[in-house]
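Fold and contact review
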Amino acid sequence: MIKPFTTETFSITSGEYLRTLMGLWLPRHGWKVAIPILLCAAIGVALADERLILVALMLVFIVAPMGMSFLYSYYMLTPEVARAILPQRVTAQKDGNILIEYTDPERPAQSVTLTPGDIRQIKHTPTSTVIVLHARRLQFIIIPHQAVVREINA
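Described in the following lines is the structure provided in the data block. (Residues numbered from 1 in each chain as written. Predicted model: local features only at pLDDT ≥ 70, side-chain atom pairs only at ≥ 80, totals over all residues. Heavy atoms only, no water.)

A word on the side chain of Asp104
Relative to the assigned elements, Asp104 resides in the loop between strand S3 (98–102) and strand S4 (110–114). A residue is classified by how much of its surface remains accessible, and Asp104, at 16% relative accessible area, is buried. (Helix = DSSP H or I, 4+ residues; strand = E, 2+ residues; numbered from the N terminus. Buried < 20%, exposed > 50% of the residue type's maximum accessible area, 1.4 Å probe, protein only.)

This is how it looks when you write it as structure tokens:
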């Protein structure tokens, strides 16, 4: 459970969101990318076959970047990410709910309440707290440590 707190209005950049996404995605799925590359390179070296080494290089420089562009469009071009980079204020309440208020002056005010059942994992990084949500896609909320203005006494 998360300690009660409130933040000032903050926003994150799409680059910060992508960096956090890769930090969460690579440990889970990066081995699926690395195994074929390493396998082709190892067999190519063991058999002294330049063709397999060339295939490994093609995987690194052609196939992997295409896969990364697919990941970018799958994860980063969603309404959730568009909402995540809007100015927002987050309040973690004593009952475990998290209230997110979007404060973009160009849009009508919106708020979302997350219950403890919506949260899969809470990760702490040196600069922020990442709340990973239960969702079909990898979705999360980034709360920069510098945005937390006060903790609410329980």
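So much for the structure itself; the text now carries on.
Side note on the environment of Tyr75
Note that Tyr75 resides in helix H2 (residues 50–76). Residues Tyr75 and Leu138, 63 residues apart in the sequence, show an inter-C-alpha distance of 7.5 Å. Apart from the residues within four sequence positions on either side, Tyr75 is in contact with Leu21, Trp25, Val81, Arg137 and Leu138. (Contact = heavy atoms within 4.5 Å.)

Regarding empty space enclosed by the protein
For the coordinates displayed, the defined rule picks out two cavities of 30 Å³ or more. Reported here for the largest cavity is a volume of approximately 40 Å³. Tyr17, Tyr75, Thr78, Glu80, Val81, Arg137, Leu138 and Gln139 are the residues that line the largest cavity. Residues of the lining of the largest cavity, tallied by class, amount to four nonpolar, two polar and two charged. Of the voids in this model, the second largest cavity is the one considered here, and its volume is about 30 Å³. For the second largest cavity, the full set of lining residues is Leu86, Tyr102, Asp104, Arg107, Pro108, Ala109 and Gln110. (1 Å grid on protein atoms, 1.4 Å probe; cavity = no way out; pocket = protein on both sides within 12 Å on 5 of 7 lines; lining within 4 Å. Points joined across faces, edges and corners; volume = space filled by probe spheres on them. Nonpolar A, V, L, I, M, F, W, Y, C, P; charged D, E, K, R; others polar.)

A closer look at the sheet that holds strand S7 (residues 139–144)
Strand pairing within a sheet occurs via backbone hydrogen bonds; the two strands may be parallel or antiparallel. Pairing is antiparallel in the open sheet, where three strands are placed in the order S5-S6-S7. The open sheet has two edge strands, strand S5 (119–124) and S7, and neither has a second partner. Neighbour-to-neighbour, the strand axes of this sheet turn through a mean angle of 20°, independent of strand direction. The pairing of strand S6 (residues 128–133) with S7 spans six bridges and is classified as antiparallel. Its bridge partner lying in S7, Ile131 is registered against Ile141. Contacting S5, S6 and S7, helix H1 (residues 14–46) crosses the sheet at an angle of about 125° to S7. (Pairing = 2+ DSSP bridges. Axes fitted to C-alpha atoms, helices over the stretch in contact; angles between N-to-C directions.)

Focus on the packing of aromatic side chains
Where two aromatic rings form a pair, the distance of their centres and the angle of their planes describe that pair. Under the counting rule described, the total for this entry stands at three aromatic pairs. Relative to Tyr74, the ring of Phe70 has its centre 6.0 Å away and its plane inclined at 20°; by these criteria the two rings are stacked. Here Phe70 pairs with Tyr74, and both are found in helix H2, just four residues apart, close to one helical turn. The class for Phe70 is exposed, based on a relative accessible area of 54%. (Phe/Tyr/Trp six-rings, centres within 6.5 Å; stacked < 30°, edge-to-face > 60°.)

Description of a nonpolar patch on the surface
Among the surface-exposed residues, Val45, Ile53, Leu54, Leu57, Met58, Val60, Phe61, Ile62, Val63 and Met66 lie close enough to one another that they form a single nonpolar patch of about 940 Å² accessible area. Looking at the secondary structure, you find Met58 in helix H2. (Patch = residues over 30% accessible without salt bridge, like charges linked within 9 Å, V, L, I, M, F, W, Y side chains within 5 Å. Areas by Shrake-Rupley, 256 points an atom, 1.4 Å probe, with all protein chains shown as cover. Salt bridge = Lys/Arg side-chain N within 4 Å of Asp/Glu carboxyl O.)

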